[in-house]
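Given next are the chains, with one letter for each unit.
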Number of protein chains: 2
Amino acid sequence: MATHDERPAEPERVRAPNIRDVARVAGVSYQTVSRVLNDSPSIRPETLQRVRDAISELGYRPNQAARALVTSRSRTIGVLSAQTVHYGPATATNAIETAAREAGYRLSITNISSTEYASIKSAVDYLMSQSVEALIVIAPQVRVFEALNDLQVAVPYVTLEATGLNTSHSLWVDQVQGARIATRHLIELGHTEIMHISGPQDWIEAEARMQGFLRELSDADLRTRAPILGDWTASFGYYAGIELLRYRDFSAVFVGNDQMALGFMHACREHGLDVPGDISIVGFDDIPEAAHFAPPLTTVRQNVAEIGRRAIALLLGELRGEEGLSHDPVQPELIVRESTARRR
Amino acid sequence: MATHDERPAEPERVRAPNIRDVARVAGVSYQTVSRVLNDSPSIRPETLQRVRDAISELGYRPNQAARALVTSRSRTIGVLSAQTVHYGPATATNAIETAAREAGYRLSITNISSTEYASIKSAVDYLMSQSVEALIVIAPQVRVFEALNDLQVAVPYVTLEATGLNTSHSLWVDQVQGARIATRHLIELGHTEIMHISGPQDWIEAEARMQGFLRELSDADLRTRAPILGDWTASFGYYAGIELLRYRDFSAVFVGNDQMALGFMHACREHGLDVPGDISIVGFDDIPEAAHFAPPLTTVRQNVAEIGRRAIALLLGELRGEEGLSHDPVQPELIVRESTARRR
DNA sequence: CGTTGCGATGTGTACGGTCACATCCGCACG
DNA sequence: CGTGCGGATGTGACCGTACACATCGCAACG
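Residues numbered from 1 in each chain as written. Chains lettered and ligands numbered in written order. Predicted model: local features only at pLDDT ≥ 70, side-chain atom pairs only at ≥ 80, totals over all residues. Heavy atoms only, no water.

Enquirer: Which parts of the structure should I look at to understand the interface of chain B and chain A?
Expert: Note: interface size is frequently given as the accessible area lost on complex formation between the parts. Contact with chain B, which involves 46 residues of that partner, is made by 45 residues of chain A. Overall, the association of chain B and chain A removes approximately 3,700 Å² of surface from exposure, summing both partners, and the carbon and sulfur fraction of that is 52%. Its largest share of buried area at the contact with chain A, chain B owes to Arg61(B), Arg101(B) and His292(B), together 19% of the area lost on that side. Inspection of the chain B/chain A interface yields two salt bridges. For the pair chain B and chain A, the interface holds 22 residue pairs in polar contact (both at pLDDT 80 or more). Of all elements in the fold, only α4 (64–71), α5 (87–102), β2 (106–112), α6 (117–129), α10 (234–244) and α11 (258–270) of chain B reach the threshold of two or more residues within the side of chain B that touches chain A. (Contact = heavy atoms within 4.5 Å. Buried area = accessible area lost by both parts, 1.4 Å probe. Salt bridge = Lys/Arg side-chain N within 4 Å of Asp/Glu carboxyl O. Polar contact = N/O pair within 3.5 Å; in protein donor to acceptor, adjacent residues only side chain to side chain. Helix = DSSP H or I, 4+ residues; strand = E, 2+ residues; numbered from the N terminus.)

Here it is in structure tokens:
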């Protein structure tokens, strides 16, 4: 009907070599090739070598799709993440990617733009439609958890950097403990009026840090005051500082993350206040830049990469049918620098 | 031999519903269901509805592996990235993910730990074994390019944030221009002795920024001096500062990125030098924190997210067979804050 | 020396879709 | 009123692999 192509002469499309092509070249059956690929024990060394030679000669690569189809295993782990630009999540994702790749798994990463139910649902749908075998959630917001529960996720999953609720699925740095050691540090320096700038209310981490802060204060019989709820950004820290410093009825601040601490210190400078002379500040995260803030920031270091690695280990174990692997929280560590001093 | 299970009674494994199950429920042939899935035009509205009902009744999800197998299209775009923790790459990756998802593509991301040839080759192999249809490279190092050329990547690819060589595949913010406006700004403030702290020598971006710096200086007939080669980290900026400030034969510094600028300013403080009073500093990137450094940093903003989006658009176009889409570099913008002042 | 057992290898089939082609139906046309 | 045509739908084959099972050859055994 259309153009009359000369069909027989040219091979036309170059099809990627498949397992039968390899078999033909090696002079064995395709099943033997399959055995080589899945390193089955009972193969004669000589045959093995012939097949391997054929594979590299043809530049053969097993077709993952075909394999996934027949085994009904995608060898994919889904990562549901919010705010991958943040230091913590980005670091964790990195570690996860490496660990997954080493274990022969690939990752499918998706970011949620908002914590709206619909947004989360669509992200989960997206991942499920790729038939991920497991799920890692790095979106430590209360609503994400609710959505996850509600969606009846059918695969094993863990949530990172969350504390408290839903512990069977969680893997986390002990945020409460981190907040406590940060707060205790300030108390031990003689501060009695301590402020807290927290992360967004619906972030579980923010909540945990706040709890740790409040508990430590009440254990020391100190006055607690309502924390400020921020959004993790340096800008928020700055504007919060401008507000708070108008009535300066505190001598120390525990800030929910290093970025906000940076902004807060900016506000202090503008008010002509010395850190730590007039105000002591502790951050949280220990981002690489924190050591070079003005002044270098005292903060709480948490090993998120370790958490990422554990997440993969946990999930792979679960996929293998092992149960009850350790969920011990990773312990945070206080890094004392120059943003805190004895109250004067 | 082992436990004697009652086999016949229970359906055992719950198989996910497939296209034929849907067809049975809807009372049509599987081909009709396939037509619905690929929204073919010629379907009676009534039939369409029946099929849709059946799909949602069964909770049917098309099996991507099967689809990929038969169409030999993976609908996957590979991302080869170095240092995803950095602000630029992370932001770009985010934008890429969103754009790809909207276009019905998924991403396969892999990080390279080093720029060793073997490491790059293994990353490319990894991605190719997933039969990615296209590749985005966010690892702007010379050696990565060489490896890429050498590996004869068989799919369309673009490299991000690179300048100069290999332009047919590159998409970038005009780094040379960015460096020039940064340098020009310092010159216009009366500085004649200007230092440059660059990124690692093998990063194409670092090279481009250095070129821009040198060209602008020579256009202004100013003395050029050998730039310091750093590693992008705040720590390096700090130690470089400590060294450089021992012989303070310059009044301004153009630093290759904001993190190193932060470290450098830290060193200035320790030397009792005022920024911008004694030394003017310009950074590069405009990370969100830069506005809150001490002092707020004058820097060059580049829209990496835009680059990421364009990368996807370009690749998708190429996959559709369109040629020669626009490769115009994105123009950077100078953000003047308080780390630069007229020379006194 | 026939049988058994096991290691090494080959054959059939299923996985869940899409594509090419065949079929069916109703309507407009000559 | 037969024919042609196009829209709607169904049938067969195939994509590349892994699994279950069959087969083959050889050594050890009674």
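Enquirer: I'm lost on the nonpolar core in this one. Help?
Expert: Side chains that are nonpolar tend, in soluble globular proteins, to be buried together. Counting 56 residues, the largest nonpolar core has Phe264(A), Ile279(A), Ile281(A), Phe264(B), Ile279(B) and Ile281(B) as the members making the most contacts within it. Looking at this core, the elements with two or more residues in it are β6 (194–198), α10 (234–244), β8 (252–255) and α11 (258–270) of chain A together with β6 (194–198), α10, β8 (252–255) and α11 of chain B. One finds Ile96(A), Val304(A), Ala99(B) and Ile307(B) within the second-largest nonpolar core, a separate group that totals 48 residues. (Core = buried A, V, L, I, M, F, W, Y, C linked by side-chain atoms within 4.5 Å. Buried < 20%, exposed > 50% of the residue type's maximum accessible area, 1.4 Å probe, protein only.)

Enquirer: Whenever I open this one, the protein's contact with DNA strand C confuses me. Can you help?
Expert: Ser29(A), Thr32(A), Arg35(A), Thr47(A) and Ser34(B) are the nearest of the 29 residues found near DNA strand C. For DNA strand C, the fraction of protein-proximal atoms (within 4 Å) that sit in sugar or phosphate groups is 50%. Between DNA strand C and the protein, one listed contact pairs a phosphate oxygen with a side-chain N or O atom of Asn38(B) at 3.2 Å. Residue Asn63(B) places a main-chain N or O atom 3.2 Å away from a phosphate oxygen belonging to DNA strand C. Of all the secondary-structure elements, those providing two or more residues to the surface near DNA strand C are α2 (30–37) and α4 (64–71) of chain A together with α1 (19–26), α2 (30–37) and α4 of chain B. Of all the elements, α4(B) adds the most residues to the surface near DNA strand C, at five residues. Classifying every residue of the surface near DNA strand C gives twelve nonpolar, eleven polar and six charged. (Near = heavy atom within 4 Å. Nonpolar A, V, L, I, M, F, W, Y, C, P; charged D, E, K, R; others polar.)

Enquirer: Help me understand helix α8 (residues 175–188) of chain B, please; the structure alone is not making it clear to me.
Expert: Since the α-helix turns once every 3.6 residues, residues separated by three or four places project in the same direction. All names here are of chain B. Across its 14 residues, α8 extends 20 Å between first and last C-alpha, which sits within 8% of the 20 Å expected from 1.5 Å per residue. With respect to burial, α8 is a largely interior element, eleven of its 14 residues being buried. Inspection of α8 places Gln-175, Val-176, Gly-178, Ala-179, Arg-180, Ile-181, Ala-182, Thr-183, His-185, Leu-186 and Ile-187 among the buried residues, and these make up the whole buried set. Those residues of α8 that are buried lie in contact with β6, α9 (204–219), β8, β9 (280–282), β10 (299–301) and β11 (333–335). (Expected span 1.5 Å × (residues − 1).)

Enquirer: Just to check I follow, could you spell out the side chain of Ser280(B) for this structure?
Expert: Inspection of the secondary structure puts Ser280(B) in strand β9. For Ser280(B), the side chain forms a polar contact with the main-chain nitrogen of Ala341(B), separated by 2.9 Å.

Enquirer: Looking at this structure, I do not really get the packing of aromatic side chains. What am I missing?
Expert: For any two aromatic rings, the description comes down to two numbers: the centre-to-centre distance and the angle of the planes. Residue and element names in this part refer to chain B. Using the criterion set out here, one finds eight aromatic pairs over all chains in the structure. With a centroid separation of 6.2 Å and an interplanar angle of 50 degrees, the aromatic rings of Phe-254 and Phe-284 are classed as tilted. Of the two residues, Phe-254 sits in strand β8 while Phe-284 sits in the loop between β9 and β10, which places them 30 residues apart along the sequence. For the pair formed by Phe-254 and Phe-284, the shared burial category is buried. (Phe/Tyr/Trp six-rings, centres within 6.5 Å; stacked < 30°, edge-to-face > 60°.)

Enquirer: In this structure, what is going on with the packing of helix α5 (residues 87–102) of chain A against helix α12 (residues 304–319) of chain A? I would like to understand it.
Expert: Two numbers describe a pair of packed helices, the interaxial angle and the distance between the axes. Residues and elements named next belong to chain A. Following both chains from N to C, one finds α5 and α12 inclined at 40 degrees, their axes separated by 7 Å at the closest point. The angle between the axes of α5 and α12 places the two elements in the oblique class. Between α5 and α12 lies a crossing of right-handed hand. Packed against α5, whose contacting residues are Gly-88, Thr-91, Ala-92, Ala-95, Ile-96, Ala-99 and Ala-100, the element α12 presents Val-304, Ala-305, Gly-308, Arg-309 and Ile-312 at the interface. Tallied by class, residues from the contact of α5 with α12 come to eight nonpolar, three polar and one charged. (Axes fitted to C-alpha atoms, helices over the stretch in contact; angles between N-to-C directions. Parallel < 35°, antiparallel > 145°, perpendicular 65-115°, else oblique. Left-handed = near helix turned anticlockwise from the far one by under 90°.)

Read these as geometric descriptors, not functional statements.
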